[in-house]
Amino acid sequence: LEIENCLINKNQKSDTEAKNLFVLENSTLALENCELISQFEDSGTIVNSSNSVVLIDNCGIINQSASYAAIISANFSKVRVRGSRVSAISETSVAFSAHDGEVELESNSCKVIGTIGRIAEFIGLRCSLSSNTFIGEVDTTRNSSAIWKDGNVRVLADQNNVIKGF
């Protein structure tokens, strides 16, 4: 699925509605020059990806939820985000949560707002982080770092990133 130059606004009105804006399984999502705005009643994720490819270029993405908000949750997927602005706003906020696969973040402005928040949680994958700004408006007594990764993460690049508020 390719989407260009589009505004997408998701406002969940009940708990019976889907908790994701996009669900990918063995597929590809490419977003370019788009604005995505989501509001979920309790918890929600913009992109939930399994065995897929997520390509985001020059987009603005905001997710607001009461309990948990994520921009991308990916398992065994390739995720590339470039030149974009992302914000997750909730009691617990995570911009990127990924398990296995590969994540590349380049020239983005990423922000999490909430009691507990991280820009990324990475498990067992390869990642490249270059020229990003990571901002947290979080309870710093409950947060240890902007990026959390387990011992199986292989960092290919981590350069020119600015981290504030963690």
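To be clear, the structure that these remarks concern was listed above.
Residues numbered from 1 in each chain as written. Predicted model: local features only at pLDDT ≥ 70, side-chain atom pairs only at ≥ 80, totals over all residues. Heavy atoms only, no water.

Quick notes on the sheet that holds strand 8 (residues 60-65)
Read across the sheet, 7 strands follow the order 2-5-8-10-12-15-18 without closing on themselves; strand pairing throughout is parallel. Here the strands that pair on one side only, and so sit at the sheet edges, are strand 2 (7-11) and strand 18 (162-164). Put simply, the sheet's adjacent strands are angled 5 degrees from each other on average, direction ignored. Across 5 bridges, strand 10 (residues 85-89) lies against strand 12 (residues 109-113) in parallel orientation. Its bridge partner being in strand 12, Val86 is matched across the sheet by Cys110. (Pairing = 2+ DSSP bridges. Helix = DSSP H or I, 4+ residues; strand = E, 2+ residues; numbered from the N terminus. Axes fitted to C-alpha atoms, helices over the stretch in contact; angles between N-to-C directions.)

As for unusual backbone geometry
Negative phi characterises most residues that are not glycine, and trans characterises most peptide bonds. The residue Asn51 is not glycine, and still its phi comes out positive at about 50 degrees. Positive phi, close to 60 degrees, is recorded for Ser107, a residue that is not glycine. Relative to the helices and strands, Ser107 is located in the loop between strand 11 (92-106) and strand 12.

Structural notes on the pairing of strand 12
Residues Cys110 and Val112 of strand 12 are buried on one face, while the alternating residues Ser109, Lys111 and Ile113, pointing to the opposite face, are not. Of the strand pairs in this sheet, strand 12 and strand 15 (residues 133-137) are connected by 5 bridges, and their pairing is parallel. Opposite Ile113, over in strand 15, you have Glu137 as the bridge partner. (Buried < 20%, exposed > 50% of the residue type's maximum accessible area, 1.4 Å probe, protein only.)

With respect to the nonpolar core
The biggest cluster of nonpolar side chains holds 40 residues, and the ones touching the most others in it are Ile72, Phe96, Ile119 and Phe122. Top contributing element to this core by residue count: strand 9 (residues 68-82), with 6 residues. With residues near it in sequence (within four places) discarded, Phe96 still touches Ile72, Val81, Val86, Leu105, Cys110, Ile119, Ala120, Glu121 and Phe122. (Core = buried A, V, L, I, M, F, W, Y, C linked by side-chain atoms within 4.5 Å. Contact = heavy atoms within 4.5 Å.)

Quick word on the environment of Glu137
Mapped onto the fold, Glu137 is located in strand 15. Each C-alpha atom of the pair Glu137 and Ala30 lies 29 Å from the other, and the pair is 107 residues apart in sequence. When neighbours within four sequence positions are excluded, Glu137 is seen to be in contact with Lys111, Val112, Ile113 and Gly114. Polar contacts involving the side chain of Glu137 include one to the side chain of Lys111, which spans 2.9 Å. (Polar contact = N/O pair within 3.5 Å; in protein donor to acceptor, adjacent residues only side chain to side chain.)

Overview of a nonpolar patch on the surface
Taken together, the side chains of Leu7, Ile37 and Ile62 define a hydrophobic patch exposed on the protein surface, amounting to about 260 Å² of accessible area. Here Ile62 is to be found in strand 8. (Patch = residues over 30% accessible without salt bridge, like charges linked within 9 Å, V, L, I, M, F, W, Y side chains within 5 Å. Areas by Shrake-Rupley, 256 points an atom, 1.4 Å probe, with all protein chains shown as cover. Salt bridge = Lys/Arg side-chain N within 4 Å of Asp/Glu carboxyl O.)

Things to note about the pairing of strand 14 (residues 126-130)
Of all 5 residues in strand 14, 4 are buried; the element is thus mostly enclosed. As paired elements, strand 11 and strand 14 share 5 bridges and run parallel to each other. Its bridge partner being in strand 14, Val103 is matched across the sheet by Cys127. Sheet analysis places strand 14 next to strand 17 (residues 154-159), joined by 5 bridges and oriented parallel. By the bridge assignment for strand 17, Ser128 is matched with Ala157.

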